[in-house]
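One letter stands for each residue in the lines below.
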Amino acid sequence: MELKVENYGPLDEALIKIDTPITLFAGPNNSGKTFISRTLHAIIHASKTRMREDLLVAYLCNDIWADKANLKDLVKSGEEQAVVRFKAGNFNLEIIIPSTSKEYIDLESRGILPKINSVYIPAARRTFVSIDRFAKTIMQLVLPQLEGFSKIFAKIWFKNKKADIKSKEAMERLQNVLYDPDAFILMLRQLIPLTPPFSEMIAGIFPPTLMDIAAISVRYSQEKLSEDILMAFKEFLGGLWKMDEGIFVDEKHGKVRVRPSLLSSGAVELIPLLLITDYGLKLSKNYNRIYIFIDEPEVHLEPPSQVKLAHFIFKLVDQYPKLSFIISTHSDVFLLAQTKYAASNDMLESICVYEFSKGKSFEKKIGKYGEVEIEGFRWALEKVTTIE
């Protein structure tokens with residue numbers, strides 16, 4: 001999988017090749033790390049079966065109701081156009097975005113995307129608390145009335161006055177929407193056609209990159225978690241906790257019950273990360289490869305927990321060969337925990353590091369002992385150690 005961009009977002013140019021189980025993006029804020037992750041995730045989701053331009057635009061702009069004209073906002077300031085080129089197997093996608101909405105946006109795809117999928121774990125994981133409560137409330141309201149709702153949705157989706165004829169198909173769609181973030185986005189675009197400024201207000205509260213968290217909130221209380229994820233809950237969150245301590249790991253039934261209000265900030269950040277990773281594990285049964293994008297896994301985690309998480313991710317890709325992680329980080333502790341683990345376990349071929357700096361991306365060399373030099377990290381360490 002390869003992505004090449006020019007004059008795109010904060011980037012002058014970048015060439016990213018994803019051909020290792022773990023790819024790390026490092027660099028300062030607003031250097032393009034999340035931009036690239038979100039673009040890869042958008043293209044994969046929009047091209048899984050056939051190219052869905054509406055879904056592609058929604059994910060690229062991180063706005064459920066965005067249209068092609070909004071893509072002009074992705075052009076680097078002062079440039080005439082941005083170019084995005086993506087390649088995976090025999091699938092090729094090229095997007096040429098002019099800086100003014102008057103000019104035509106050229107979007108061309110050829111071939112068929114390999115059987116791949118992705119999930120996205122944003123840095124704003126604390127919203128899991130509110131999304132989790134919202135999703136459970138919706139489920140309590142919707143599930144008992146699903147058949148009735150399906151008749152209403154049948155009229156809207158199929159524009160058929162004889163709703164009973166299509167209600168079964170509508171019910172299947174509605175169930176799919178509750179579990180599939182892409183289907184949920186497309187449903188919202190169709191049923192609630194918003195325009196600025198209202199669409200921008202909603203997008204800021206509930207952007208597409210939070211859809212995976214919403215889908216997981218619906219799923220995790222009903223489905224059995226993978227054994228490795230259950231073990232991770234026990235390892236990271238202090239073992240078998242009681243409900244009055246915020247979390248209960250039920251190994252017998254493969255469930256996790258959570259009371260986020262009683263948990264530390266680190267635990268609240270870590271829970272959705274583990275749950276969405278579990279979702280990726282389940283998806284891997286139906287795809288040749290699953291890409292799990294993580295923004296800032298180190299958020300609110302102490303250094304020892306960052307090291308544990310870095311090692312846990314390596315163990316997952318070693319155990320599940322269909323998984324690939326693409327991780328954006330600001331933490332030298334997390335980055336070095338991964339590269340040094342790779343070196344000590346003879347797995348350096350399984351990891352690649354890119355530094356984003358000064359509008360470009362650079363593939364970094366990893367030494368035989370796992371050492372890797374990131375300019376921003378080195379500069380900060382020098383500043384800290386030379387304070388008088």
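Conventions and cut-offs
- Sequence order as written defines residue numbering, which begins from 1 separately in each chain.
- Per-residue local features of the predicted model are confined to residues with pLDDT of at least 70, and side-chain atom pairs are confined, for both listing and counting, to 80 or more; whole-chain, interface and lining totals are unaffected and use all residues.
- Values shown for side chains rest on all heavy atoms present in the structure; no hydrogens or waters enter the calculation.
- The rule is simple: take the accessible area with a 1.4 Å probe, protein chains only, and divide by the maximum for that residue type; under 20% is buried, over 50% is exposed, in between is partly exposed.
- Put simply, DSSP H or I for four residues or longer makes a helix, DSSP E for two residues or longer makes a strand, and each gets a number counted from the N terminus.
- By the convention used here, strands pair only if DSSP detects at least 2 bridges between them.
- Note on ring pairs: Phe, Tyr and Trp rings are taken, using the six-membered ring of Trp, and paired if centres are within 6.5 Å. Classes follow the plane angle, with under 30 degrees stacked, over 60 edge-to-face and the rest tilted.

K.L.:
I'd like a description of the pairing of strand E12 (residues 351-357), backed by residues and values.
P.N.:
Here E12 lies mainly inside the structure; seven of its seven residues are buried. In E12, alternate side chains face the same way, and those of Ile-351, Val-353, Glu-355 and Ser-357 on one face and Cys-352, Tyr-354 and Phe-356 on the other are all buried. Bridge count between E12 and strand E13 (residues 360-364): five bridges; the pairing is antiparallel. Along E13, the bridge assignment pairs Ser-357 with Lys-360. Remark: two residues form the turn of the hairpin made by E12 and E13, two consecutive strands paired antiparallel; Lys-358 in that turn has positive phi of roughly 55°.

K.L.:
How would you sum up the side chain of Ser-324? Please name residues and give values.
P.N.:
Position of Ser-324 relative to the elements: it lies in strand E11 (residues 323-329). We classify Ser-324 as buried; its relative accessible area is 3%.

K.L.:
Any chance you could break down the packing of aromatic side chains for me, citing the residues and the numbers?
P.N.:
Summed over all chains, the structure comprises six aromatic pairs. On the numbers, 6.1 Å between centres and 25° between planes, the contact of Tyr-120 with Phe-293 is stacked. Of this pair, Tyr-120 sits in strand E7 (residues 116-121) while Phe-293 is found in strand E10 (residues 289-295), placing the two residues 173 residues apart along the sequence. A relative accessible area of 1% places Phe-293 in the buried class. Where Phe-314 meets Tyr-341, the ring centres are 5.3 Å apart and the plane angle is 35°; that geometry is what we call tilted. Remark: Tyr-341 occurs in helix H12 (residues 332-344) and Phe-314 occurs in helix H11 (residues 303-319); sequence separation between them is 27 residues. Of the two residues examined, Phe-314 and Tyr-341, each falls in the buried class. A connected cluster of aromatic rings, assembled from ring pairs, spans Phe-25, Tyr-354 and Phe-356.

K.L.:
Give a description of unusual backbone geometry that names residues and reports values.
P.N.:
Here the phi dihedral of Asn-62 falls at roughly 55°; this positive angle occurs in a residue that is not glycine. Relative to the assigned elements, Asn-62 resides in the loop between helix H2 (53-61) and strand E4 (81-88). Here Asp-346, not a glycine, exhibits a phi torsion of approximately 55°, which is positive. Structurally, Asp-346 is set in the loop between H12 and E12.

Interpretation in functional terms is not warranted from these geometric data alone.
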